Amino acid sequence: MAELLVWPALLAYGLAAAAYAGELHAPGRFGWLGIWGVRLGWLAQTALLVAQAISADGFPWGTWAGALNLLSWLVVAGYLVWGCKPRYRLMGLLVMPLAAGLLVLSWAGGGTAVHERDGGGWTLDAHVGLMLAAFASFTVAAAMALLYLYEERRLKRRDPAFLRLRLPSLEALDRLASRVALVGLLLLSAGIVVGLTRLDPGELDAAMTVTTVIWAVYAAALVLRRETGLQGRRLAWSLVGGFSLVAFVLPLTHFAS
Amino acid sequence: MKLALAGISHHTASVELRERVAIDLEAASALARRLAHGGGKAQEAVVLSTCNRTELYLAADDHDRLAQAADDALLALAGADSAALAPLAYRLADESAALHLFRVAAGLDSLVPGEGEILGQVRDAFEAGSPGPLLDRTFRMALHAGRRARVETAIGESPASVPAAAAALAQQVFEGLEGHAVVLVGAGRTSELTARNLRSRGAAVAAVVNRSVERAERLASSLGARAVGLQDVAPALDGADVVVSSTSSPGFVLTMEALGPALRARRGKPVLFIDLAVPRDVDPALASIDGCFVYDVDDLEAVVATSLDGRRAEAVAAERIVAAEAERFHAWQASLAVVPAIASLRAQAEEIRVSELARVEARLGRLTESERALVDTVTAQIVNKLLHQPTVRMKEAALMPDGLIYAEVVRHLFGLESENEA
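All of the points below concern the structure found in this document. Note that this is a predicted model, so its numbers are computed, not measured. (Residues numbered from 1 in each chain as written. Chains lettered and ligands numbered in written order. Predicted model: local features only at pLDDT ≥ 70, side-chain atom pairs only at ≥ 80, totals over all residues. Heavy atoms only, no water.)

### Overview of the sheet that holds strand β9 (residues 271-275) of chain B
Residue and element names in this part refer to chain B. Taking strand neighbours across the sheet as the criterion, the six strands line up as β7-β6-β5-β8-β9-β10 in an open arrangement whose pairing is parallel. Two strands close off the open sheet at either side, each with one partner strand: β7 (226-229) and β10 (292-296). Strand-to-strand, the axes of this sheet are offset by a mean angle of 20 degrees, without reference to chain direction. Pairing of β9 with β10 involves five bridges; the strand directions are parallel. If you follow I274 over to β10, its bridge partner there is Y295. (Pairing = 2+ DSSP bridges. Helix = DSSP H or I, 4+ residues; strand = E, 2+ residues; numbered from the N terminus. Axes fitted to C-alpha atoms, helices over the stretch in contact; angles between N-to-C directions.)

Written out as structure tokens, the structure is:
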């Protein structure tokens, strides 16, 4: 019965995505609808995850489909930290379709089902949880970076209506995106360390290689920011680049292996 | 009590005529005192005088004479020009006058819709005036309406001038302006106004660059900045976050050749160039550098025009708020007509309660102090509960055209003395 919670969550996320698209065209009219869609959807998904956790004997999100369910929830939770502020709501236009898409894939793969499931041991559970939290952080950081690029483009083009759709300042977006990416990097590092404890000697597949590359991309961007003052458009593009590895290359290598 | 208003504003009179009747706050206060306490026809008076309007709000019992008094006092301010002023003045009474004041306080009657200064000016006029019960309530409700319009709509949010647009732009690039450095290139009036606007939002003016160093020093000392000659403009821009330029130079003062390498070395750290000069001072090619934003005066004027459109759109929502507040004022004013009947009814009930308690005083004497207090409280509560519904109904009825009949019926039924007899 609790499995049915996926539908209100999906409906609310879809509604939120549509509302944010409307907000882009008619600023100030649909933003409230978007944020309420996100809140209600997230509550429904939280209830679903709680039901899964209660029913399962161990970590219920160890499969790829289950992991997508948890990732979707983490991404929306990360968005909600800032999305409740009116100026940050438009990030939802980038985050909510992605969250809804992840949830649909999870549902199609049986990741939203509620039944007993064996866990894979605490190290695997911790590894999966940390990696998913890191990917969720990178997703939110990428959404902020894309919002930065959109706002920067508006200001460069000297759009006279820039005050009609109030977005966070460039400086705030730049700083927050780098901080969220740093949190993601720390989580990813912890996830990799925990994963290494389970790794057999000589075992290194394509997904692990890409994960290492992702770690290196984010680490390089953040070190360059700290050491040489890298910021603005270049930092934003590097965060978007890192996220594209997470979103496209990593799944491909994961399923290929 | 009746309310009368006589006034002129930018809608009806030119600046030449408006300045004839404009008075400062002290004179407005003195005039209000004279009108309210000088033995004239008004019992209450508030004078609102700004660069865009001079309005006299008077209150008294006699409406016809009151309107005339407001008109006479306004025309007297114009002196010899009173004949020219008379056809341009507007005269409003009661709810129309109150609604007008509410719109003024909300900035809906201003030249720039939603401008913020007028609310403070209405408050100052009210505090300096000589209000009584009616004007006190009217002005308090007007200030409330003005605050609501600004809080609940975005009518006052967007910039209405080029310096304000520049400051809003800077805040869109930088999170807050605290700790950010502004450099002025040119010591003209426009750049000074823009710098002061940025400073009021927390920015610090680091340097004033000008061809004449003496002139730069004069402005720099008032802004707490250092003065620099124009030949040293490039080093002066080191560490600047916002550059405001308004020289009278015939060509670009801030060029790609001079600034490009230094700006590229910032590696995307934002810098905003606000070019207020015509011909322009800042080479637009600088905008191609990562983190560089270049706005000229046309861009800022376009921002102002767009934001004024936005303000006009918000004015519709603000008008709804003002209409709701005017409705509340109407309800309050109508309820005043039944207040004497309600007061008489309650006084009579209290008199009966007290006299009945006194009649049984001998038997109550056996009660303890706390028991006597309880009896007193209970009887007062019974009276209050019995009279609550009739009081509410009479106030509601007062809003209807024949509502005063209810008050008369209550007087008749309860044998209260009529208002005239009182």
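### Concerning the interface of chain B and chain A
Each partner contributes to the interface: chain B provides 33 residues, whereas chain A provides 28 residues. Contact between chain B and chain A buries roughly 2300 Å² in total, counting both sides, with carbon and sulfur atoms accounting for 49%. The interface formed by chain B and chain A includes three salt bridges. Its salt-bridge partner being R234 of chain A, residue D290 of chain B comes within 4.0 Å of it at the nearest N-O pair. For the pair chain B and chain A, the interface holds 13 residue pairs in polar contact (both at pLDDT 80 or more). Residue assignment for the side of chain B that touches chain A shows that the elements contributing at least two residues are α8 (162-173), β10 and α13 (297-336) of chain B. In terms of residue count, α13 of chain B provides more of the side of chain B that touches chain A than any other element does, six residues in total. Broken down by class, the residue content of the side of chain B that touches chain A amounts to 14 nonpolar, ten polar and nine charged. (Contact = heavy atoms within 4.5 Å. Buried area = accessible area lost by both parts, 1.4 Å probe. Salt bridge = Lys/Arg side-chain N within 4 Å of Asp/Glu carboxyl O. Polar contact = N/O pair within 3.5 Å; in protein donor to acceptor, adjacent residues only side chain to side chain. Nonpolar A, V, L, I, M, F, W, Y, C, P; charged D, E, K, R; others polar.)

### Things to note about unusual backbone geometry
That bond from V278 of chain B to P279 of chain B is cis: its omega, 0 degrees, falls within 30 degrees of zero. By secondary structure assignment, the location of P279 of chain B is in the loop between β9 and β10. For R158 of chain A, which is not glycine, the phi dihedral falls at a positive 55 degrees. Classification of R158 of chain A as partly exposed rests on a relative accessible area of 32%. For D94 of chain B, which is not glycine, the phi dihedral falls at a positive 50 degrees. Here D94 of chain B shows up in helix α5 (residues 94-105). (Buried < 20%, exposed > 50% of the residue type's maximum accessible area, 1.4 Å probe, protein only.)

### Description of the pattern of salt bridges
All names here are of chain B. Per the stated rule, a full pass over the model turns up 26 salt bridges over all chains. Between R53 and D109 there is a salt bridge; the shortest N-O distance is 2.8 Å. With R53 in strand β3 (residues 53-60) and D109 in the loop between α5 and α6 (117-128), this pair connects stretches of sequence that are 56 residues apart. When its relative accessible area of 6% is taken as the criterion, D109 is described as buried. Where D376 meets R353, a salt bridge forms, and the shortest distance between an N and an O atom there is 3.1 Å.

### Considering the environment of E152 of chain B
Summarising the element assignment, E152 of chain B is placed in helix α7 (residues 133-152). Separated by 61 residues in sequence, E152 of chain B and V213 of chain B have C-alpha atoms that sit 48 Å apart.

### Considering the side chain of Q333 of chain B
Checked against the element boundaries, Q333 of chain B lands in helix α13. Those residues in contact with Q333 of chain B that lie beyond four places of it in its chain are M1, D94, E95 and L134 of chain B.

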